[in-house]
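Read off the chains here:
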Amino acid sequence: MASLFPREEHAEALFHRILSNPGAEQQLYETFCMEQENASFEDGGGAECSFAKALLQAYENRDISALTIALCNNTMFDLLRTAYLIPYRFHGKNGGNPRLLTDANGEVREEYRNAVSARELRKFHDIYRQHLSVPRAALYLADGSHLRHKYTKDMQVREMYSPSRRGVLTLYALPDTVEQGLTEAQAYNIVWDAFNEIQQKCPTAMVFYGQDTGYKLQKSHDELGVLLPLKEFEHNILHHLEQVDGIVLRCREEMIHQAGKDSLPL
């Protein structure tokens, strides 16, 4: 049988970063234990048999993500994201996670008018007016969720999203790593220092990364998004937005230095 989730290519440097980070091992272990405690197959009986089948198939196919789904309802990279050790995957402005509720001008998108309260919109507009975005960046009101996977009783894999967290998302353009021939894991490695610094400054922020998801000035580019949930950051969000801007700008400058000035027209 083919593996359910192919191995991420060239992930060794990224894993070395994670393993050399103080506290990461404990963070990953605690996340795994918490996720395992809450893990389950779909209701309907036969869970023990399904678990055994998933375990044996994962062994036969050398598929670590198939194994971790059986153990804790997460692929290997789901688990790293849930432990805040790598960014969440960003699928573009029309993707489902994060879900952008406003456009680049700060106005609510038509399909989400009934999903945004007047208070939330008023708070977002206050932040939008007061915060001066850096070049090639924009603010959005957005919902972000944790993605997990689980087996159904007939051994199909189903995606699950945790309850969403609403906040202010800053989306930044970065040089195109696909054009440089880099895998997703290698792109994560490049932005890992910035990602880790953001998590240190804003521990509950959700960081998203998308390879080749943006297009402007007749050129594709990567995007990095940082979502600050309103409930946790409402009273000091402008300060944290300035911190995040500085971190990402340093990362962007280093990426442009390595890839060349033409890699991201500013």
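Data block above holds the structure.
Residues numbered from 1 in each chain as written. Predicted model: local features only at pLDDT ≥ 70, side-chain atom pairs only at ≥ 80, totals over all residues. Heavy atoms only, no water.

## Some remarks on the packing of aromatic side chains
In step 1: Counting across every chain of the model gives four aromatic pairs.
In step 2: Seen from their ring centres, Phe124 and Tyr128 are 5.8 Å apart, and the 50° between their planes marks the pair as tilted. Highlighted residues: Phe124 and Tyr128, both in helix α6 (residues 118–130), separated by four residues, approximately one helical turn.
In step 3: Given a relative accessible area of 0%, Phe124 falls into the buried group.
In step 4: Tyr128 sits in the partly exposed class, given a relative accessible area of 26%.
In step 5: Relative to Tyr209, the ring of Tyr188 has its centre 6.2 Å away and its plane inclined at 85°; by these criteria the two rings are edge-to-face. Here Tyr209 lies in strand β7 (residues 206–216) and Tyr188 lies in helix α7 (residues 184–190), a separation of 21 residues in the sequence. The same class applies to Tyr188 as to Tyr209, namely buried. (Phe/Tyr/Trp six-rings, centres within 6.5 Å; stacked < 30°, edge-to-face > 60°. Helix = DSSP H or I, 4+ residues; strand = E, 2+ residues; numbered from the N terminus. Buried < 20%, exposed > 50% of the residue type's maximum accessible area, 1.4 Å probe, protein only.)

## Description of helix α2 (residues 24–38)
Think of an α-helix as turning once every 3.6 residues; residues three or four places apart then point the same way.
In step 1: In this model, α2 (15 residues) spans 21 Å end to end at C-alpha, consistent with the 21 Å of a helix rising 1.5 Å per residue.
In step 2: Residues of α2 that are buried: Ala24, Thr31 and Glu35. With its buried residues spanning 35° around the axis, α2 presents them on a single face. What points out from α2, more than 90 degrees from its buried face, is the exposed set Glu25, Tyr29 and Glu37. (Expected span 1.5 Å × (residues − 1). Arc of directions from axis to C-beta.)

## Observations regarding the sheet that holds strand β6 (residues 165–174)
Strand-to-strand pairing in sheets goes through backbone hydrogen bonds, with the strands running parallel or antiparallel.
In step 1: With respect to topology, six strands assemble into an open sheet ordered β1-β7-β8-β6-β3-β2, the strand pairing being mixed. Each having just a single partner strand, β1 (88–89) and β2 (99–100) make up the two edges of the open sheet.
In step 2: Pairing analysis gives two bridges linking β1 to β7, with the strands arranged parallel. The partner of Tyr88 across the bridge, within β7, is Phe208.
In step 3: Of the strands in this sheet, β3 (137–144) and β6 are in contact with α6, which crosses β3 at around 155°. (Pairing = 2+ DSSP bridges. Contact = heavy atoms within 4.5 Å. Axes fitted to C-alpha atoms, helices over the stretch in contact; angles between N-to-C directions.)

## A closer look at the side chain of Arg166
In step 1: Tracing the chain through its elements places Arg166 in strand β6.
In step 2: Arg166 sits in the buried class, given a relative accessible area of 18%.
In step 3: Within polar-contact distance, the side chain of Arg166 engages the side chain of Asp143 at 2.7 Å.
In step 4: In contact with Arg166, other than residues within four places in its own chain, are Arg99, Leu101, Ala115, Val116, Glu120, Leu141, Ala142, Asp143, Pro229 and Leu230. (Polar contact = N/O pair within 3.5 Å; in protein donor to acceptor, adjacent residues only side chain to side chain.)

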